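A closer look at the structure
Below, each chain spelled out in residue letters.
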Amino acid sequence: MPEGATCNPDVADTSLRQRLRHFNGFLAFLLVVSGLCGFNYGYDVGTFSGVQVHPSFTRSFGECDENGVCALPGWLSSVMTATPFLGKALGCIGAGWVAARFGRKATFYLLCIVSIVGVLLQVTSVTSRAQFTLGRIIAFGQTGIAIVLVPIYQAETTPRELRGMFASTIQLMISLGQLVAALIIFGAQNIPSDTGWRITIGLQLVVPAILLLLLMFVPESPRWLLDHQRTDEAFSSLRKLRKHSSDEDIHLEIKSLKYACTHEDKGTWAEVFDKTNRIRTAIAVTAMFGQQITGQAFPNQYGVVFYQSQGFGQKAFLFNVIGNLTSLVACFLTWSYVDQVGRRPLLMVGGFFMGVWLFVLGGLGTIKPGGFTPSTSNLLVASLQLFTVSYNLSWAPISYVVVSEAATLRLKEKTNLIASVVSVLTTFAYSFTIPYLINAQYANLGGKVGFIYSTVDFAMVIVTFFVIPEMKGRTLEEIDQLFESGVSLRRFRDVKTRTAQQLYESHAGKLTDDQAPGGP
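Residues numbered from 1 in each chain as written. Predicted model: local features only at pLDDT ≥ 70, side-chain atom pairs only at ≥ 80, totals over all residues. Heavy atoms only, no water.

**Some points on the overall build of the protein chain**
The helix and strand inventory of the protein chain stands at 27 helices and 2 strands. Computed over the C-alpha atoms, the radius of gyration of the protein chain is 24 Å, within 12% of the 24 Å expected from 2.2 N^0.38 for a compact globule of 520 residues. Counting only C-alpha atoms, the protein chain reaches 100 × 45 × 45 Å along its principal axes. A buried classification covers 57% of the 520 residues belonging to the protein chain. Within the protein chain, contacts between residues separated by at least 24 positions form 80% of all contacts whose residues are at least 6 apart in sequence. Taking the average location of the 41 positive side-chain charges in the protein chain and that of its 35 negative ones, the two points are 5 Å from each other. (Helix = DSSP H or I, 4+ residues; strand = E, 2+ residues; numbered from the N terminus. Rg over C-alpha atoms; globule rule 2.2 N^0.38 Å. Buried < 20%, exposed > 50% of the residue type's maximum accessible area, 1.4 Å probe, protein only. Contact = heavy atoms within 4.5 Å. Lys, Arg positive; Asp, Glu negative; His and termini not counted. Charge placed at Lys NZ, Arg CZ, Asp CG, Glu CD.)

Below is the structure:
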């Protein structure tokens, strides 16, 4: 074993209290700012789940029957829910290029501008389905920017002991956004005029406005600055991030990072899939693909619609609030312990229980109309709620952690872009097909869709066991060493590695020995 090598599981297994010692006020500030980038994504998803059944919205954009009952037709619900993910894909593509060329901070500003434009188009729509949908497409562009930008920025600015906590914050904020949206929808459900849904959607202007004010205090990524030979600015950035470190320690960290990145230009697209990096690309893609393929779009985007289709009426809005509240609690638990428990156990255990609850839902879906008792109705609600809890304990936040760690530094923007686009396209396919699967005028599967999604969940547990390694407690340079070791992905936990600082000190020591009298 090389001198100075460490087995980082010991570091990763430290308690929450010990890991929080690496926190300082400025890191807490960055945690909030970067997390806020995901708030509007959750708020939008949570909002439209209820807005699409709001009486004034369905009168303006839906179709009414002879009894005056209005609703969005299945095809329009699919279009308004699924096409925004095309905007999310464009956001992913644009974010990678802007972040690499102009910096992470410039991309944060782009996120805010895109969000504001999209929301304004939606709230100024009167009866134009096209304008409202275009606004949603543009607004979702900011979510694409967020899922590419935030994991990269957090991985480059946070200590290894806190990286899992930081990377899972985006899902915590998504869940918080969904909860706030559910509460507002619950309160606005009885407002008869268009004011109800316009205010609900217009509140999305608040977060980007706050971010625009806070971004002036956010430093650029020190790794990006070093990559562009802006050493003095990198020192200033690290000075803000490492409040408890001396200037000598910060200079040593900069020298270590520069040494680790020596001769590393930005990689090409061909390298993303070459023999050295294709496994890392597959891990990132698997994490983001699994996050969306496991059925989360069903309760998140169509939960209210499904509950109402099962005869729960206005209780559907209350169930939506409860689901989002429990999701937030689950995310907070994962946020607190992901760096202690690890990535693989949470993904596999959470994925297994997701499959269990959806299988229960599928079984309840086989009950014929009129055959439901109060007990079976309660079990139906519980199965969907418990699926959401299991999802937010595992795949929802952990996927962002894995994608922030998997790619090598020189290919991070490109790898994260590919993983995010795959995620978006998967969500698009799911979101577009769900109304056709559950609605009575089409496949009319109802709760039986649980059989489909539970099968996928169980399959992803197996895939995780073989494909996604444990990377907790490692610096980004150490993760590079893990993949260079040639060890099976399932045995990464036992591999000895060295930090960038240890590599630099070893290199500096050799130079000193070479220059000593009598040296070679």
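There is more to say, and it comes next.
**Topic: unusual backbone geometry**
The phi torsion of most residues other than glycine is negative, and most of the peptide bonds are trans. In this model, Gln229 sits at a positive phi of 55 degrees, which is unusual for a non-glycine residue. The topology assignment puts Gln229 in the loop between α14 (222–227) and α15 (231–241).

**A few points about the packing of aromatic side chains**
Taken as a whole and judged by the stated rule, the model has 19 aromatic pairs. Consider the rings of Phe39 and Tyr43, whose centres lie 6.2 Å apart with planes at 20 degrees: the pair is stacked. Linking Phe39 with Tyr43, this pair stays in helix α4 (residues 39–51), spanning 4 residues, or about one helical turn. When its relative accessible area of 12% is taken as the criterion, Phe39 is described as buried. An angle of 15 degrees between the planes, with centres 6.3 Å apart, marks the rings of Phe387 and Tyr391 as stacked. In this pair, Phe387 and Tyr391 are both assigned in helix α22 (residues 374–393), 4 residues apart and thus about one turn of the helix distant. With respect to burial, Phe387 and Tyr391 carry one shared label: buried. Ring pairing ties together the aromatic residues Phe57, Phe61, Phe132 and Trp197, which thus form one cluster. (Phe/Tyr/Trp six-rings, centres within 6.5 Å; stacked < 30°, edge-to-face > 60°.)

**Remarks on the pattern of salt bridges**
Across all of its chains, the model carries 8 salt bridges by this definition. The salt bridge involving Glu477 is made with Arg223; its shortest N-O contact spans 2.6 Å. In this pair, Glu477 sits in helix α26 (residues 476–484) while Arg223 sits in helix α14, placing the two residues 254 residues apart along the sequence. For the pair Glu477 and Arg223, one class covers both residues: buried. With its nearest N and O atoms 2.8 Å apart, the salt bridge here joins Glu233 to Arg230. Classification of Glu233 as partly exposed rests on a relative accessible area of 39%. Bridged by salt links that share partners, the residues Asp339, Arg343 and Glu405 form one connected network. (Salt bridge = Lys/Arg side-chain N within 4 Å of Asp/Glu carboxyl O.)

**Let's talk about helix α13 (residues 206–214)**
Within the sequence span of α13, burial applies to Val207, Pro208 and Leu211. Each buried residue of α13 lies within a common arc of 95 degrees when the element is viewed along its axis, so the set occupies one face. In this structure, the buried side of α13 is in contact with α3 (25–36), α4 and α8 (104–123). (Arc of directions from axis to C-beta.)

**Some words on the confidence of the model for the protein chain**
Summary statistics for the protein chain give a mean pLDDT of 82 and a share of 91% for residues scoring 70 or more. In this model, residues 1–13 is a region of pLDDT below 50 whose contacts with residues beyond four sequence positions or in other chains number 34 contacts. pLDDT under 50 marks residues 515–520. Its contacts with residues more than four places away, or in other chains, come to 3 contacts. (pLDDT = per-residue confidence, 0-100.)

**Digging into helix α23 (residues 395–406)**
Counted at 1.5 Å a residue, the expected span for α23 with its 12 residues is 16 Å, and the 16 Å between its end C-alpha atoms agrees. Along α23, 12 of the 12 residues are buried, which leaves the element largely enclosed by surrounding structure. For α23, every residue scored as buried is listed here: Trp395, Ala396, Pro397, Ile398, Ser399, Tyr400, Val401, Val402, Val403, Ser404, Glu405 and Ala406. (Expected span 1.5 Å × (residues − 1).)

**Things to note about the nonpolar core**
Residues Phe57, Met80, Phe132, Leu211, Phe298, Tyr307 and Val402 are the most contacted members of the largest nonpolar core, which totals 128 residues. With 11 residues, the top contributor of residues to this core is helix α9 (residues 129–157). (Core = buried A, V, L, I, M, F, W, Y, C linked by side-chain atoms within 4.5 Å.)

**What about the environment of Gln171?**
Relative to the helices and strands, Gln171 resides in helix α11 (residues 169–188). When the C-alpha atoms of Gln171 and Cys64 are compared, they prove to be 37 Å apart, with 107 residues separating the residues in sequence. Aside from chain neighbours lying at most four places away, what touches Gln171 is Gln291, Cys331, Asn392, Ala396, Pro397 and Tyr400.

**Some thoughts on the environment of Gln131**
Mapped onto the fold, Gln131 is located in helix α9. A relative accessible area of 25% means that Gln131 is categorised as partly exposed. Separated by 13 residues in the primary sequence, Gln131 and Gly118 have C-alpha atoms spaced 9.9 Å apart. Every residue in contact with Gln131, bar those within four places of it in the chain, is listed here: Leu121, Thr124 and Ser125.

**Quick notes on the packing of helix α6 (residues 74–82) against helix α7 (residues 84–102)**
Interhelical geometry of α6 versus α7 gives an angle of 15 degrees and a closest axis separation of 5 Å. Considering the angle they form, α6 stands roughly parallel to α7. Across the interface between the two elements, Val79, Met80, Thr81 and Ala82 of α6 pack against Pro84, Phe85 and Leu86 of α7. Taken together, the residues of the contact of α6 with α7 break down into 6 nonpolar, 1 polar and no charged. (Axes fitted to C-alpha atoms, helices over the stretch in contact; angles between N-to-C directions. Parallel < 35°, antiparallel > 145°, perpendicular 65-115°, else oblique. Nonpolar A, V, L, I, M, F, W, Y, C, P; charged D, E, K, R; others polar.)

**With respect to a nonpolar patch on the surface**
The grouping of Leu325, Val329, Phe332, Leu333 and Leu393 at the surface amounts to a nonpolar patch, some 430 Å² of accessible area in total. The element best represented in the nonpolar patch is helix α20 (residues 315–341), accounting for 4 residues. Tracing the chain through its elements places Phe332 in helix α20. (Patch = residues over 30% accessible without salt bridge, like charges linked within 9 Å, V, L, I, M, F, W, Y side chains within 5 Å. Areas by Shrake-Rupley, 256 points an atom, 1.4 Å probe, with all protein chains shown as cover.)

**As for the state of the cysteines**
Going through the model one piece at a time under the given rule, you end up with 0 disulfides. With no disulfide partner, Cys112 has as its closest neighbouring cysteine sulfur the one in Cys37, 6.6 Å distant. A relative accessible area of 1% means that Cys112 is categorised as buried. The cysteine Cys331 is free of any disulfide, with Cys37 supplying the nearest cysteine sulfur at 16 Å. (Disulfide = S-S within 2.5 Å.)

**Some details on the side chain of Gln154**
Secondary-structure assignment places Gln154 in helix α9. If sequence neighbours within four positions are ignored, Gln154 has contacts with Ser34, Phe166, Ala167 and Thr169.

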